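An overview of the molecular structure
One letter stands for each residue in the lines below.
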Amino acid sequence: MKTYFDKKQAMTELQSRYKKADELLRDDAKMEPFLEKLEKRMKWVPFIRQELKMIPILISMVRSYWKKDYTRVPRRTMLAIVSALIYFLSPVDVIPDWIPILGQLDDALVVAACWKLVNKDVEDYRRWQKERRHQVVEQ
């Protein structure tokens, strides 16, 4: 079992899931169950690193994109996000999740690599969410 995992490997793992992410983004029947599994998994992660605290906003962004509420985002951004979420959800990855702390470290590195790629788009999404909430309050 490999116990060393670096940023370059995190990016490779992220990119290796783009095809699966694209298939998932095109399959309405699988998207909601996927997002629900992610939300359940977040409740059971024993050690939440700072990088993993970003996952709820990523889930929200995917759900808004999938429901076509928010589509002002490049497809490559959605591929990166869904790829990172696929990696996070997988119990069998470079460092198995059942290994305390180390099992979440590789997940955190993949999510951090994704965040580096999509940070501006996520900030745009957060502004959109804030504007949308503000509009609802005004009505």
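Every chain begins its residue count from 1, and numbering advances along the sequence as written. Residues qualify for local features only when their pLDDT is at least 70, as the model is predicted, and side-chain atom pairs are given and counted only at 80 or more; totals for whole chains, interfaces and linings, by contrast, use all residues. To obtain the side-chain values, all non-hydrogen atoms of the structure were used and water was disregarded.

Points about the overall build of the protein
Per the convention used, a helix needs a DSSP run of H or I reaching at least four residues, while a strand needs a run of E reaching at least two, with both numbered from the N terminus. Along the protein, the regular secondary structure elements total 6 helices and 0 strands. For the protein, the N- to C-terminal ordering of α and β elements is α-α-α-α-α-α. Put simply, 72% of the contacts in the protein that link residues at least 6 apart link residues at least 24 apart. Per element, the accessible surface of the protein, about 8,400 Å² overall, is 55% carbon and sulfur. Here, residues are in contact when the closest pair of their heavy atoms is within 4.5 Å. All accessibility values rest on the Shrake-Rupley procedure with a 1.4 Å probe; residue burial counts only the protein chains present in the view.

So, unusual backbone geometry
Phi at Lys68 takes a positive value of approximately 65°, unusual for a residue other than glycine. Tracing the chain through its elements places Lys68 in the loop between α4 (55-66) and α5 (75-89). Three labels apply to residues, based on accessible area from a 1.4 Å probe with only protein chains included: buried if under 20% of the type maximum, exposed if over 50%, partly exposed otherwise in between. Judged by relative accessible area, Lys68 falls into the exposed class, the value being 64%.

A word on α4
Its 12 residues give α4 an end-to-end C-alpha distance of 16 Å, which sits within 8% of 16 Å, the value for a rise of 1.5 Å per residue. Within α4, 10 of the 12 residues are buried, which leaves it mostly tucked inside the rest of the structure. Within the span of α4, buried status applies to Ile55, Ile57, Leu58, Ile59, Met61, Val62, Arg63, Ser64, Tyr65 and Trp66. Looking one or two residues beyond α4, the residue adopting positive phi is Lys68, at roughly 65°. Helix span, as expected, comes to 1.5 Å for every residue beyond the first.

As for the confidence of the model for the protein
Confidence per residue, as judged by the predictor, is encoded in pLDDT with a range of 0 to 100. Taken over all residues, the pLDDT of the protein has a mean of 86, while the share at 70 or more is 85%. Of all secondary-structure elements in the protein, the lowest mean pLDDT belongs to helix α6 (residues 102-138), at 88, while helix α2 (residues 18-25) reaches the highest, 96.

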